[in-house]
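Each chain, letter by letter, is given below.
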Amino acid sequence: MKKPQKLAIYTATLILLSLAAIALRFYLEKREEEQKSDMTVPAAAVTVSDGEEIDVDGLSAGSTLLKSYGIEVTSGECFVRFTVQMLDSDGASFNDKLEAKLEEIDEYEAMLDPDSASYLAFLQAYYSLQNEYFQLEAKAQLCFDTLCLELNQGEITESFSYSSSLLETLESQGKITFANSDEGSLFYKEYDEESPFTRTYYYSQRLSAGDTALLFSSIIIPKDWDTLTCELTYFQGYEDNTFQEETKEFTYIELLDEGFSINVSAEIVDADDFDSPLAAFNSAQTLAVTTLDSSSAD
């Protein structure tokens, strides 16, 4: 066979192979698109909710509120996470108030000049602000301790006042759990140390259409919180215009003061190809994350 004929056959073969490769690629891409179109995009609705912001005010020791927040998956498979931000009774977030309090403390510390005529006033304000900071921080932590989730339906009733010891017993029996619980919890908890009172709760289980996930089903102020106390750092002032770092006891109900509010929201992410919610949400930039609100329940 002559050389030009060999070259022509070789060229034709390359062209045929190239066309075959293009056709195969087109077929695979089309098949992938068809498979994607057949996939069910996960969706969910906030079906059990008392609103995105729940006010907890005017309460006394022994109060039980059947307030809840949760979702129901309407299609597909997904993981869910809830974000809870605790707010003080004035509606401001504890994170913001604590940060502002620290800034005030720093400002007064910078103005502490023993030779100044206002020194004693500044010194008193400086230590008073620190006392307020410690109490506000303790209150914010207590707020999370009130969020209760029934694991046995009907275990918590609004007409009953629960003691701390009874709640501990119910929790040890696997009948209830709390947002701050670690043992046997259905959630992985996560928060930034700079914003400790905005917390994210990842529901540990994969959810399918028809499944529900509740973050909490009641808010409980134990009846002994008017006598149970905690010790906080406290700067005590004396007649000789000195201040001493000591500790002071506060009842839990004193710290809760005029109450608080809970701001809560939920997000879902496609569970496809992931074994855990953390892995799924960490890859959310390539997946559709749906932000839910209480209007989804309508």
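Predicted, not measured: the structure shown is a model, and the values here were computed from it. (Residues numbered from 1 in each chain as written. Predicted model: local features only at pLDDT ≥ 70, side-chain atom pairs only at ≥ 80, totals over all residues. Heavy atoms only, no water.)

Caption draft 1: Expanded view of the overall build of the chain. When helices and strands are counted, the chain shows six helices and 16 strands. Summarising the internal contacts of the chain: among those between residues at least 6 apart in sequence, 72% fall at separations of at least 24. Split by element, the accessible area of the chain, about 17100 Å² in all, is 47% carbon and sulfur. (Helix = DSSP H or I, 4+ residues; strand = E, 2+ residues; numbered from the N terminus. Contact = heavy atoms within 4.5 Å. Areas by Shrake-Rupley, 256 points an atom, 1.4 Å probe, with all protein chains shown as cover.)

Caption draft 2: A look at the packing of aromatic side chains. In the structure shown here, the tally under the stated rule is 13 aromatic pairs. Considering the side-chain rings of Y133 and F134, the 6.1 Å spacing of their centres and the 80° angle between planes classify their relative orientation as edge-to-face. A relative accessible area of 15% places Y133 in the buried class. Connected via pairs of aromatic rings, a cluster forms that spans Y69, F82, F187, Y201 and Y203. Stacked on the ring of Y191, the Lys or Arg R199 has its end atom at 4.9 Å from the ring centre. Above the ring of Y234, the side-chain terminus of K248 is found at 4.5 Å from the ring centroid. (Phe/Tyr/Trp six-rings, centres within 6.5 Å; stacked < 30°, edge-to-face > 60°. Buried < 20%, exposed > 50% of the residue type's maximum accessible area, 1.4 Å probe, protein only. Lys NZ or Arg CZ within 6 Å of the ring centre and 35° of its normal.)

Caption draft 3: Just helix α2 (residues 94–110), in detail. Taking 1.5 Å of rise per residue, the 17 residues of α2 would be expected to cover 24 Å, and the 24 Å separating its terminal C-alpha atoms lies within 8% of that figure. Those residues of α2 lying buried are F94, N95, L98, K101 and I105. For α2, the angular spread of the buried residues around the axis is 130°, confining them to a single face. In α2, the exposed positions angled more than 90 degrees off the buried face are occupied by D96 and A110. (Expected span 1.5 Å × (residues − 1). Arc of directions from axis to C-beta.)

Caption draft 4: Region of the structure containing the packing of α2 against helix α3 (residues 119–145). Contact geometry for α2 and α3: axes closest at 9 Å, N-to-C directions at 165°. Considering their axes alone, α2 and α3 lie roughly antiparallel with respect to each other. Read as a crossing pair, α2 and α3 show a hand that is left-handed. Listed contacts from α3 to F94, K97, L98, K101, L102, E104, I105, Y108 and E109 of α2 are F122, A125, Y126, L129, Q130, E132, Y133, L136, E137, K139, A140 and C143. Taken together, the residues of the contact of α2 with α3 sort by class into 13 nonpolar, one polar and seven charged. (Axes fitted to C-alpha atoms, helices over the stretch in contact; angles between N-to-C directions. Parallel < 35°, antiparallel > 145°, perpendicular 65-115°, else oblique. Left-handed = near helix turned anticlockwise from the far one by under 90°. Nonpolar A, V, L, I, M, F, W, Y, C, P; charged D, E, K, R; others polar.)

Caption draft 5: Highlighting the pattern of salt bridges. This structure, assessed with the given rule, holds six salt bridges. Salt-bridge contacts for E267 lead to R81; the nearest nitrogen and oxygen are separated by 2.7 Å. Separated by 186 residues along the polypeptide, E267 in strand β15 (residues 260–270) and R81 in strand β5 (residues 77–88) bring together distant segments of the chain. Taken together, the shared-partner salt bridges connect D88, D90, K97 and K139 into one network. (Salt bridge = Lys/Arg side-chain N within 4 Å of Asp/Glu carboxyl O.)

Caption draft 6: Spotlight on the pairing of β5. Within β5, nine of the twelve residues are buried, which leaves it mostly tucked inside the rest of the structure. As paired strands, β5 and strand β10 (residues 207–208) are joined by two bridges and run antiparallel to one another. Within the sheet, the bridge partner assigned to E77 lies in β10 and is S208. Across eleven bridges, β5 lies against β15 in antiparallel orientation. Its bridge partner being in β15, F79 is matched across the sheet by V269. In the sheet, β5 pairs with strand β9 (residues 198–203) via five bridges, with the strands oriented antiparallel. What sits directly across from Q85, in β9, is T198. (Pairing = 2+ DSSP bridges.)

These values are about where atoms sit, not about what they do.
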